[in-house]
Amino acid sequence: MKESYNPKEIENKWRSNWDEKKLYQVEVEEDKKKYYVLEMFPYPSGRIHMGHVRNYTIGDVTARYKRTRGFNVLHPIGWDAFGLPAENAAIERGVHPAKWTYENIEQMKAQLKQLGFSYDWTREIATCDPSYYKWEQMVFNHMFKEGLAYQKSTTVNWCLSCETVLANEQVEDGLCWRCGSEVELKEMEGWFLKTTEYTEELLEWADKLKDGWPERVLAMQKNWIGKSTGVEIEFPLQEPLGEEKDLKIFTTRPDTVYGVTYMSIAPEHPLTEELIKGKPEEEEVLEFINRVKKQSSLERVAEETKKEGVFTGSYAINPFTGGSIPIYIANFVLIEYGTGIIMCVPAHDQRDFEFAKQYHLAIKVVIQPEGVDLNPDTMDGAFEEPGVMVNSKDFTNTQSQTAKEKIIEYIETKGIGERQINYRLRDWGISRQRYWGTPIPIIYCDSCGAVPVPDEDLPVELPIDIEFTGKGGSPLSKIDSFANTSCPKCGGQAKRETDTMDTFVESSWYFLRYASPNYNEGIFDKNEVSYWLPVDQYIGGIEHAILHLLYARFFTKALRDLGMCDLDEPFTNLLTQGMVIKDGAKMSKSIGNIVDPDDMIAKYGADTVRLFILFAAPVQRDLDWSDEGVEGSFRFLNRVWRLIFEVFDSIEGVKGINVEPGKISKPAKELLTKTHKTIKKVTDDLDRFQFNTAIAAIMELLNDTSRFKLEGNDDLPVLREAVETMIRLLYPMAPHVSEELWSELGHVETLVDKEWITWNKKLVESAVINIVVQINGKVRSQFTMDPDSDQEQMKEAAFSDVKVQSYIAGKEPKKVIVVPKKLVNIVI
């Protein structure tokens, strides 16, 4: 055995060994339990960054660990290869998007291989490959035939810089999610996928996923779907607009209807022009509408956005009071929610209250706390809680919660409205006016209308010879050989659709294609999918909570209903890792605070980089980059190497199995107990994704083993077992050095398929205690600890727990109560 630890030599050796033996290639084994672990696949932007390293290291540890636990592990990788950055690169650098993309793939692939990730590279896919998007086009055709894909003219979010449509989910604070440029509203024809067909099922399954998904992600999805139960009410117009005699509103608060003092309508509502026509306010209103159209839907409803409006000059009548109420156009009313018109009750809605104060509108109290008389002239905010109804005719003195149902019954009896369930979720607009994406397989014929390209003629491939300017709509529309074609139905002259699909379509089903990536008879082999899917553990950033994750759930359900798979949900468990932070900000090229993984690997080796990424913070928390922390991880691996080098001659050939405690010295018995406690601790931690505490436990074992003094040959098996245990426990986190040390100790088989080490229950049970974790008094998790653990160690272990992290979701605890050796109660 060499005296010095040489990571470069060791890592090259073992990567070659694994590749030559094809250890990570897997096939269906019906008699073996499967485990599908998947990290969100990367966009080939040029180089991997530390965020990638963290994500993929977490996945690799999981894959390696589960394999040693006897699972048939599928761990694939591929490339989310379509998208605007490649097209922008073509414009800026004068290189074709395909060339830029595939060169980046090769570079990033080499970087990922350097880190020793256990991917089955035979399953590699790239979404820009026609053999991949061919099946996406086929699915689109089937969706079109079933009414799940359709075309309509609508108001869309338009990125002024990218010159393309964005889905609502892709607009962040009024800016494009990709380039950060201003987004405005624009009327356009486009293609949509009917996500609203699955609103109730998406909500229902969100509850079923609660044991495997972070609560925060599910809450974000539920909020985005935005289910609300209420009533639709007709408010008569004071002056009917032709056949339009009423304004329909939707409300979840029918108990406040007697307090309506004005109405607000969305700027895009088709009735706005009629409401202002010929009125003195017409010019002012049109100016306001044009200004608001530059704001996105999300920006308009954001809490921090100033609520603005303008009077239309028209009035409605409150059907409950008979009173005349002014109609305003307001920026916070969205055409896509409810009816695009709302009743405003300033005494009982804070947004309405602030608007009323700003524009000097009436405030009328109709609900108040028991025994308190609210004065609208002195109120400094809306009273939004349940209470006793006042100024509400027959409903006065009724509890507001009780009155809701009675008022709905009254509305239906009078024929002025009906019960209604509304959703915030809207159908997914997938049309993009760019080149580097999947062509939408539709042909337009003057005689036959919109006709899908027959499945046998797919894929509709992107033409290669194309000029990029970045301006003026879809580049495909300028290529006659692509745009002009014949109708599949009648054979007459026709035009192709020149928009491409939103790139989130490709990432909505890639995890299914991994099950049979080379299957040519359909989108995937249904039998393979039935074995491998759903994904047992999915890993990626929380920024995809609404975009990718919600789309993938919808797409899976649609594929099921098209008869292509039998899945209800794609991902059983979800882990959202934190960001990598340096100098107080997320690592980013734009602010120059990045650390190049290649530099770190060249200096310290891949195992050190992996170890630091796992040890520096619990997986769901942000990780602060530390050069000293990387040095510390490197020193730890050197200490492991040096210890084994120093004891090598003593333990070579010694068998360290089934040690009998009665024949060994007291220090040896203590080390033996520590060894088996460490096995249990690390095993429990890996099961809970608590990699940082698992590594800390291995470090403790290293310290105890380093201090151990032999008292006779009977103690040698204990020392051997401690050393081998350390190597085997370290393997999922630092596989290269573990394999080398294992081999040096005389083992022929690799650790890849070595069964996970077990602990002696008799030694361990008397040496651990069970700790319960409560959040706001409710039990949320539990784990075992050393009975000598102090209160700080108990707190640290509790906050490192993945389940606990998902409940806390980044909130700052108000109080932490620790009952030594028993309980940690976190109050948030």
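Anything mentioned here points back to the structure above.
What counts and how
- Residues numbered from 1 in each chain as written.
- Predicted model: local features only at pLDDT ≥ 70, side-chain atom pairs only at ≥ 80, totals over all residues.
- Heavy atoms only, no water.
- Helix = DSSP H or I, 4+ residues; strand = E, 2+ residues; numbered from the N terminus.
- Buried < 20%, exposed > 50% of the residue type's maximum accessible area, 1.4 Å probe, protein only.
- Contact = heavy atoms within 4.5 Å.
- Areas by Shrake-Rupley, 256 points an atom, 1.4 Å probe, with all protein chains shown as cover.
- Lys, Arg positive; Asp, Glu negative; His and termini not counted.
- Charge placed at Lys NZ, Arg CZ, Asp CG, Glu CD.
- Salt bridge = Lys/Arg side-chain N within 4 Å of Asp/Glu carboxyl O.
- Pairing = 2+ DSSP bridges.
- Axes fitted to C-alpha atoms, helices over the stretch in contact; angles between N-to-C directions.
- Right-handed = clockwise from strand over helix to strand, strands pointing away.
- Disulfide = S-S within 2.5 Å.
- Parallel < 35°, antiparallel > 145°, perpendicular 65-115°, else oblique.
- Left-handed = near helix turned anticlockwise from the far one by under 90°.
- Nonpolar A, V, L, I, M, F, W, Y, C, P; charged D, E, K, R; others polar.

Take the overall build of the chain next. Along the chain, the regular secondary structure elements total 26 helices and 34 strands. Projected onto its principal axes, the C-alpha positions of the chain cover 105 × 75 × 50 Å. Expressed as a percentage of the 828 residues in the chain, the buried residues total 58%. Of the contacts made within the chain by residues no fewer than 6 positions apart, 73% connect residues no fewer than 24 positions apart. When the accessible area of the chain is evaluated, it comes to approximately 35,500 Å², of which 46% is carbon and sulfur surface. Taking the 98 positively charged and 131 negatively charged side chains of the chain as two groups, their mean positions are separated by 4 Å.

With that settled, consider the pattern of salt bridges. Scanning the model with the defined rule gives 41 salt bridges in all. Taking the shortest distance from any N to any O, the salt bridge between Lys 557 and Glu 569 comes out at 2.8 Å. Here Lys 557 is found in helix H16 (residues 547-561), whereas its partner Glu 569 is found in the loop between H16 and strand S27 (574-576), with 12 residues between them in sequence. Like Lys 557, the residue Glu 569 is buried in the burial classification. One network of salt bridges, in which partners are shared, links Glu 201, Arg 553, Lys 557, Arg 560, Asp 561, Asp 568 and Glu 569.

Structurally, the position occupied by Tyr 35 is in strand S1 (residues 34-39). Remark: the alpha-carbon pair of Tyr 35 and Glu 721, spanning 686 residues in sequence, is separated by 29 Å. Beyond its immediate stretch of four places on either side in the chain, Tyr 35 contacts Thr 62, Lys 66, Phe 71, Asn 72, Val 73, Leu 74, Asp 536 and Gln 537.

The next point concerns the sheet that holds strand S34 (residues 823-827). Two orientations exist for strands paired in a sheet by backbone hydrogen bonds: parallel and antiparallel. The four strands are arranged S32-S31-S34-S33 in an open sheet whose pairing can be described as mixed. Of all the strands in the sheet, just strand S32 (778-785) and strand S33 (815-819) have a single pairing partner and so form its edges. Taking the axes of each pair of neighbouring strands and ignoring which way they run, one obtains an average angle of 15° across the sheet. In this structure, strand S31 (residues 769-775) lies alongside S34, joined through four bridges in parallel fashion. Each residue of the ladder has a partner; that of Val 772, found in S34, is Leu 823.

We now examine the pairing of S1. The buried fraction of S1 is high, at six of six residues. The alternating pattern of S1 places Lys 34, Tyr 36 and Leu 38 and Tyr 35, Val 37 and Glu 39 on opposite faces, both of which are buried. Two elements, S1 and strand S2 (residues 72-74), share three bridges in a ladder whose sense is parallel. In the strand pairing of S2, Tyr 36 is matched with Leu 74. Handedness of the crossover joining S1 and S2 through helix H2 (residues 50-68): right-handed. As defined by bridge partners, S1 adjoins strand S26 (residues 537-540) across three bridges and the pair is classed as parallel. Looking across to S26, one finds that Val 37 is bridged to Gln 537.

This structure, assessed with the given rule, holds zero disulfides. Considering cysteine sulfurs only, Cys 179 is the nearest to Cys 162, which forms no disulfide, with 3.6 Å between them. Lacking any disulfide linkage, Cys 490 is separated from the closest cysteine sulfur, that of Cys 445, by 3.6 Å. Overall, the relative accessible area of 44% leaves Cys 490 in the partly exposed class.

Another point: the pairing of strand S21 (residues 442-445). As paired strands, S21 and strand S22 (residues 449-452) are joined by four bridges and run antiparallel to one another. When the bridges of S22 are listed, Ile 442 appears paired with Pro 452.

This paragraph deals with the sheet that holds S22. In spatial order, the strands read S22-S21-S24-S23; together these four strands make up an open sheet with antiparallel pairing. Each edge of the open sheet carries a strand with a single partner, namely S22 and strand S23 (484-486). If you compare each strand with its neighbour and ignore which way they point, the axes differ by 40° on average.

The contact between helix H21 (residues 691-707) and helix H22 (residues 716-730) brings their axes to 10 Å, and the two run at 160°. Comparing their axes, H22 and H21 come out roughly antiparallel. Handedness of the H21/H22 crossing: left-handed. Here H21 contributes Ile 698, Leu 701, Leu 702 and Thr 705 to the contact with H22, which in turn contributes Leu 719, Ala 722, Val 723, Thr 725, Met 726, Leu 729 and Leu 730. Per-class residue counts for the contact of H21 with H22 are nine nonpolar, two polar and no charged.

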